Amino acid sequence: MTTNLKKCLVIGGSGYVGYEVCRTLAANGAAVGFTYYQNRERAAALSAEFSDCRGYPLELGNIPEIHRVVSRIITDLDGVDALIHCAGSRGGTTDFVNQAQYMLDQFTGLDAATWDDEFNVNTKSVFAVCQTVVKQMQGEGPFNLVLLGSLNAAKPVPAPVAYAASKGALKSLVEVLSKTLGERHICVNLVAPGILEQGASCQVHDDLKKEYLKHCALGRLGTAEDIARFMSWLALENTYMTGQTILLDGGL
Ligand SMILES: NC(=O)c1ccc[n+]([C@@H]2O[C@H](COP(=O)([O-])OP(=O)(O)OC[C@H]3O[C@@H](n4cnc5c(N)ncnc54)[C@H](OP(=O)(O)O)[C@@H]3O)[C@@H](O)[C@H]2O)c1
């Protein structure tokens, strides 16, 4: 992979996927400004490993703070070529043993506050970050907005309802933004992983993971490296792919 000293903003650099995205970008010579929420240690470890990787605390439920912190990061980077949004919340587990009953119960029992929390982090924050970033993407580009969805954005699989709906909304957002921003040389894509070894998948029931592996062509769960390599390629190299949802599920 080659870069021309790209400036990258990573939202959620302290997460399982986001951490590896920051490492891959920095290892390829990019300057990286990333956000974290509660995991200060992981953020510090990242900055200690790469001097060109700087962390900023940000809670994604607060829209004015998003605009303020994202603007600050872009000022510190002296511009931005790519946004990689890796933060997300996965409210609720998936009970595979009593799946049908679980799905019904978790839908009928879903409260509006949980719905709002999921959408605030997984969807609304994406809109707010993109809005601020796009205003700063001036010039010939190419620029890239790379979002992190989920298998749930592409295929109906058992999952917490609000989580699946909030990730599904990103598919439409990517499609409409690709049409809106194409003239500005901004490509917008959504990477949709299947079940990964760690991170948010700690809330996926072991029986569901076993069932997943039975149908997965590559016969293994994904890793943060699998996802980070592709997201970093989109951020640093992509010039013509836009409006796409790309499934990285090992061939389900
Ligand atoms: N792992 C998987 O198997 C998998 C599969 C498909 C899709 N995904 C999706 O990919 C995304 C990242 O997954 P992951 O495995 O890397 O998850 P993760 O390890 O749990 O990381 C989540 C990231 O989001 C940040 N975050 C969470 N809530 C936040 C909030 N309210 N405000 C600001 N930041 C917040 C976390 O910050 P702190 O840690 O600093 O608090 C962390 O950086 C999620 O949307 C997930 O659903 C994951």
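Residues numbered from 1 in each chain as written. Predicted model: local features only at pLDDT ≥ 70, side-chain atom pairs only at ≥ 80, totals over all residues. Heavy atoms only, no water.

Draft legend 1. Representation of the overall build of the protein. A tally of regular secondary structure across the protein gives eight helices and seven strands. For the C-alpha atoms alone, the extent of the protein along its principal axes is close to 50 × 40 × 40 Å. Taking all 252 residues of the protein together, 48% fall into the buried category. Within the protein, counting contacts between residues at least 6 apart in sequence, those at least 24 apart form 74% of the total. Of the roughly 11,700 Å² of accessible surface on the protein, a fraction of 53% belongs to carbon and sulfur atoms. Charge separation in the protein, taken as the distance between the mean sites of 21 positive and 26 negative side-chain charges, equals 3 Å. (Helix = DSSP H or I, 4+ residues; strand = E, 2+ residues; numbered from the N terminus. Buried < 20%, exposed > 50% of the residue type's maximum accessible area, 1.4 Å probe, protein only. Contact = heavy atoms within 4.5 Å. Areas by Shrake-Rupley, 256 points an atom, 1.4 Å probe, with all protein chains shown as cover. Lys, Arg positive; Asp, Glu negative; His and termini not counted. Charge placed at Lys NZ, Arg CZ, Asp CG, Glu CD.)

Draft legend 2. Molecular detail of the side chain of Ser232. Along the chain, Ser232 turns up in helix H8 (residues 224-237). Looking at Ser232, its side chain comes within polar contact range of the main-chain oxygen of Ala228, at 2.7 Å. (Polar contact = N/O pair within 3.5 Å; in protein donor to acceptor, adjacent residues only side chain to side chain.)

Draft legend 3. Here's a closer look at the environment of Gly12. Relative to the helices and strands, Gly12 resides in the loop between strand S1 (7-11) and helix H1 (16-27). Between the C-alpha atoms of Gly12 and Asn39, which are 27 residues apart in sequence, the distance is 9.8 Å. Not counting the four nearest positions on each side in its chain, Gly12 is found in contact with Gly18, Tyr19, Thr35, Cys86 and Ala87.

Draft legend 4. Just the site of the ligand, in detail. Around the ligand, the surrounding shell holds 29 residues, and the nearest of these are Ser14, Gln38, Tyr163, Lys167 and Ala200. Gly12 is positioned such that a nitrogen or oxygen atom in its backbone is 3.4 Å from an oxygen atom of the ligand. One of the backbone N or O atoms of Leu196 is found 2.9 Å from an oxygen atom in the ligand. If the ligand stood free it would expose 900 Å²; the protein chains cover 86% of that surface. Elements represented by at least two residues in the shell around the ligand include exactly H1 and helix H6 (161-181). Residues that form the shell around the ligand fall into these classes: 15 nonpolar, twelve polar and two charged. (Near = heavy atom within 4 Å. Nonpolar A, V, L, I, M, F, W, Y, C, P; charged D, E, K, R; others polar.)

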